[in-house]
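Descriptive analysis of the structure
Below are the chains, spelled out letter by letter.
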Number of protein chains: 2
Amino acid sequence: MSPTAAPALQLLSRREAGKAERRRQIIQAARDLIRETGNAGLSMRGLAARAGVSLATPYNLFGSKRAIVVAVLQDVREFQERFSTLQAADPLDNIFAALDLSLQFYVGDPAFYRTLWSALFDTTDGVRGEILNPKRDAFWRGLVLDAVRSGAIAGEVDPDLLLRHLESMLRSVMFDWVVGEISPARLGAMARHGYALVLLGAAADDWRGPLCARVLEAQASLAAAA
Amino acid sequence: MSPTAAPALQLLSRREAGKAERRRQIIQAARDLIRETGNAGLSMRGLAARAGVSLATPYNLFGSKRAIVVAVLQDVREFQERFSTLQAADPLDNIFAALDLSLQFYVGDPAFYRTLWSALFDTTDGVRGEILNPKRDAFWRGLVLDAVRSGAIAGEVDPDLLLRHLESMLRSVMFDWVVGEISPARLGAMARHGYALVLLGAAADDWRGPLCARVLEAQASLAAAA
DNA sequence: TGGGAAGCTTGAACGCGTTCTAAACTCCTG
DNA sequence: CAGGAGTTTAGAACGCGTTCAAGCTTCCCA
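This structure is a prediction, so every number in the text was calculated from the model and none was measured.

Moving on, we get to the overall build of chain A. If you tally the helices and strands in chain A, you get eleven helices and zero strands. Counted from the first residue to the last, chain A has its helices and strands arranged as α-α-α-α-α-α-α-α-α-α-α. Sorting the 226 residues of chain A into buried and exposed places 35% on the buried side. In chain A, once contacts between residues fewer than 6 apart in sequence are set aside, the share between residues at least 24 apart is 62%.

Listed below in structure tokens is the structure:
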């Protein structure tokens, strides 16, 4: 094999390999710093030092601090493997199971996920679209589409809009959690209540009963944890 | 009247009056600067200069930049006067009318309200509680309670939770607007869709028809503006 | 194989929000 | 009136996210 046998590949290879390696180091350093010190400890200078690169490098590779945090968030996704083990027959139950599992992750590692969500609520730059990585988005979309297909959701309701409203619900409750306006104990019940209410609005008549029960169950939880 | 006739009153009066005056100037300057230059033009140094005070003074009087923006937001509330002129008989119609009116304010002065909402999504400090001023909160709560009283909302649903979810809906759609993920044209339809869906989940059976129509109407608007 | 063009890294710098110190000023009390 | 408590002021400083000109590395092309 002559050195010039694969020029295009080499072009990507040498430079791009180094770049990918630096990317990896930076994400790793960011994750470690967040885990160790929370959001406050994650400064770009500290991050660069920890990753062994210059201050400007993270900007070249990611663009902004927020983009780095988003990259970290995309990286931690043992979620789907865990979820696949608890698939149920009822499509609505699946949605609530996925919700519970997500929240379990978040409250199980508050320092870490508070930082991550906090970055998602930062409005100062334009790193949209990367927030919801495609895999995660497709996963939730699949859950909603399953519910539509099985007849649990009324056919007239646009599934994508429903999905978006569910995400709105989660986003809002996570915001309250990030700013400390809601206790971890109430977080789950609040999210379930919102999900149940939105789904109830979109549900076919036959499926309203169990959703109604979920609304009341969540209300009881919230009243108890008041 | 001797100069010492009202000592306690004077104590508050002279000094506190000056303080209040400086507060007023700072809020006014902040409002002007936001109107003229948007969020980017609102720096603490520029604000202090414009208000004719030292850089440290806004911090003494408000504590942080965010607190100042919140104070500005609380100051602009011609809302209720405008709303009182369009009260309808149907309590659900009232909710949607109030929603439309709010959104009208926001999209009617984007530079201004984008800055304000952006500050509300800032998670870095703890100026909660002042975000929703009590008057505004009581107003929306009254609308929801009206709907409950009139039987439009099922009795089992907690009105405060319903109110909170409606606010979640608005907050999320405003977030999308602030970060530019949604066009002004779609903003209203998206918010109406979310409101209608949540209310539909909480509505009494007799009232589901018109809400269903609202959901479909909003979906049609969104499909048209795609 | 060597010259030139990209692209990347680097250190320095900018403007930001925020805090601090010390001096000046204002108002109230004895 | 003197003194003291409470604030504002100017100014410097800190750490932050971000950007930029300059140098260096890596790769393509003759």
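The next point concerns the nonpolar core. Soluble globular proteins tend to pack their nonpolar side chains together in the buried interior. In this structure, Ala30(A) and Ala30(B) are the most contacted members of the largest nonpolar core, which totals 113 residues. Apart from residues lying up to four places away in sequence, Ala30(A) is in contact with Leu42(A), Leu47(A), Ile68(A), Val69(A) and Val72(A).

What follows concerns the packing of helix α6 (residues 91-108) of chain A against helix α8 (residues 134-149) of chain A. Residues and elements named next belong to chain A. Put simply, α6 and α8 touch, their axes get as near as 8 Å, and they point 160° apart. One finds that α6 runs roughly antiparallel with respect to α8. Judged by the twist between their axes, the crossing of α6 over α8 is left-handed. Counted together, Pro91, Leu92, Asn94, Ile95 and Ala98 of α6 and Leu143, Asp146 and Ala147 of α8 form the full contact between these two elements. When the residues that make up the contact of α6 with α8 are grouped by side-chain class, the tally is six nonpolar, one polar and one charged.

This part takes up the interface of chain A and chain B. Counting residues at the interface gives 28 residues for chain A, matched by 28 residues for chain B. When residues of the side of chain A that touches chain B are traced back to their parent elements, those giving at least two are α9 (159-178), α10 (184-202) and α11 (208-224) of chain A. Looking at side-chain class alone, the side of chain A that touches chain B contains 13 nonpolar, ten polar and five charged residues.

For the rest of this paragraph, the subject is the relation of the copies chain A and chain B. Structural alignment of chain A on chain B gives an RMSD of 0.3 Å, achieved by rotating through 180° and translating 0.2 Å along the axis. The superposition operator between the copies reduces to a two-fold rotation axis. Relative to the rotation axis, the closest C-alpha in chain A is found at Gly201(A), a distance of 1.9 Å. A shared binding surface is used by both copies, with 96% of the interface residues of chain A retained as interface residues in chain B.

Residue and element names in this part refer to chain A. Mapping serine 221 onto the fold places it in helix α11. What makes serine 221 partly exposed here is the crowd of 17 C-beta atoms within 10 Å. For the pair serine 221 and histidine 193, spaced 28 residues apart in the sequence, the C-alpha separation amounts to 9.7 Å.

Bringing the confidence of the model for chain A into the picture now. All names here are of chain A. When pLDDT is averaged along chain A, the result is 84, and 86% of the positions lie at 70 or above. Averaged over each element, pLDDT in chain A is lowest for helix α5 (residues 79-84) (70) and highest for α10 (96). Overall, residues 1-11 carries pLDDT values under 50, and its contacts beyond four positions in sequence, including any with other chains, amount to zero contacts.

We now examine the environment of Tyr195(A). Residue and element names in this part refer to chain A. Topologically, tyrosine 195 is positioned in helix α10. For tyrosine 195, a count of 25 C-beta atoms within 10 Å puts it in the buried group. Sequence spacing of tyrosine 195 and serine 64 is 131 residues, and the spatial spacing of their C-alpha atoms is 33 Å. In contact with tyrosine 195, not counting residues within four places along its chain, are Ile95, Phe96, Leu99, Leu166 and Met169.

Conventions we followed
- Residues numbered from 1 in each chain as written.
- Chains lettered and ligands numbered in written order.
- Predicted model: local features only at pLDDT ≥ 70, side-chain atom pairs only at ≥ 80, totals over all residues.
- Helix = DSSP H or I, 4+ residues; strand = E, 2+ residues; numbered from the N terminus.
- Buried ≥ 20, exposed ≤ 12 C-beta atoms within 10 Å, placed from the backbone.
- Contact = placed C-beta atoms within 7 Å.
- Core = buried A, V, L, I, M, F, W, Y, C linked by C-beta atoms within 7 Å.
- Axes fitted to C-alpha atoms, helices over the stretch in contact; angles between N-to-C directions.
- Parallel < 35°, antiparallel > 145°, perpendicular 65-115°, else oblique.
- Left-handed = near helix turned anticlockwise from the far one by under 90°.
- Nonpolar A, V, L, I, M, F, W, Y, C, P; charged D, E, K, R; others polar.
- Least-squares fit on C-alpha atoms with pLDDT ≥ 70 in both.
- pLDDT = per-residue confidence, 0-100.

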